[in-house]
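Examination of the molecular architecture
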Amino acid sequence: MRHYEITLIVHPDQSTQVMTMIGKYKEIITTSGGNVHREEDWGRKHLAYPINKIYKAHYLMMNIECDQKTLEKLNYNFRFNDAILRNLIISRSEAITTPSIMMANSEEDKVKVTEKK
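A brief report on the enclosed structure follows. (Residues numbered from 1 in each chain as written. Predicted model: local features only at pLDDT ≥ 70, side-chain atom pairs only at ≥ 80, totals over all residues. Heavy atoms only, no water.)

Side note on the packing of aromatic side chains
For the structure on display, the rule yields 3 aromatic pairs. Between W42 and Y59, the aromatic rings sit 6.4 Å apart at their centres with planes inclined by 25°, giving stacked as the arrangement. Taken as a pair, W42 in strand β2 (residues 35-51) and Y59 in strand β3 (residues 54-66) lie far apart in primary sequence, 17 residues in all. Using a relative accessible area of 19% as the deciding quantity, one classes W42 as buried. Overall, Y59 belongs to the buried group, its relative accessible area being 15%. (Phe/Tyr/Trp six-rings, centres within 6.5 Å; stacked < 30°, edge-to-face > 60°. Helix = DSSP H or I, 4+ residues; strand = E, 2+ residues; numbered from the N terminus. Buried < 20%, exposed > 50% of the residue type's maximum accessible area, 1.4 Å probe, protein only.)

This is the structure in structure tokens:
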């Protein structure tokens, strides 16, 4: 099985459905014998450029291990889900389990805010 990094940009009106979407995708991966090594919810962020007159979106990132058939099934689900504005699937050489830079920065910011109080 190969390792992949998946980044999703979700419509901001569907932010409440993000956890159910992640659960559905995790179920697809695990039922086929794959693993989810890392999942991160980056929250709502400004887009670099508007997509369909939308200026903010909800970002998700997952590092998974799965076979080609499962990856094709996930990509099919991403393509026909109206809530997903964009998706990016990158092949990785190994499983990445450490927090990403986006999560590390937000944790550092939280520490700085609590130190000021």
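Thoughts on the pattern of salt bridges
By the definition in use, this model includes 4 salt bridges. A salt bridge links E5 to R92; its shortest N-O distance comes to 3.2 Å. With E5 in strand β1 (residues 2-10) and R92 in strand β4 (residues 84-92), the pair connects residues that are 87 residues apart, well separated along the chain. Of the residues examined, E5 reaches a relative accessible area of 12% and is grouped as buried. Measuring nitrogen to oxygen at the nearest pair gives 3.9 Å for the salt bridge that ties R38 to E40. With relative accessibility at 8%, the residue R38 sits in the buried group. A single salt-bridge network, built from bridges that share partners, covers E5, R38, E40 and R92. (Salt bridge = Lys/Arg side-chain N within 4 Å of Asp/Glu carboxyl O.)

With respect to the side chain of E65
Relative to the elements of secondary structure, E65 occurs in strand β3. Salt bridges are absent for the buried E65, whose nearest opposite-charge side chain, R2, sits at 10 Å. In terms of polar contacts, E65 uses its side chain to reach the side chain of H37, at 3.0 Å. If near-sequence neighbours (up to four positions away) are discounted, E65 is found in contact with M1, R2, H3, I29, G34, N35 and H37. (Lys, Arg positive; Asp, Glu negative; His and termini not counted. Polar contact = N/O pair within 3.5 Å; in protein donor to acceptor, adjacent residues only side chain to side chain. Contact = heavy atoms within 4.5 Å.)

As for unusual backbone geometry
The residue N52 is not glycine, and still its phi comes out positive at about 55°. Relative to the assigned elements, N52 resides in the loop between β2 and β3. Even without being glycine, K53 reaches a positive phi, approximately 65°. Mapping K53 onto the fold places it in the loop between β2 and β3. According to the relative accessible area criterion, K53 is exposed, its value standing at 76%.

A few points about the sheet that holds β4
With antiparallel pairing, 4 strands are arranged side by side in an open sheet as β2-β3-β1-β4. The open sheet has two free edges, formed respectively by β2 and β4, since each of these has just one partner strand. Neighbour-to-neighbour, the strand axes of this sheet turn through a mean angle of 20°, independent of strand direction. Note: β1 against β3, 9 bridges, orientation antiparallel. Bridge pairing links V10 to H58 in β3. In the packing of helix α2 (residues 68-79) onto the sheet, the strands contacted are β1, β3 and β4, and the crossing angle to β4 comes to about 160°. (Pairing = 2+ DSSP bridges. Axes fitted to C-alpha atoms, helices over the stretch in contact; angles between N-to-C directions.)

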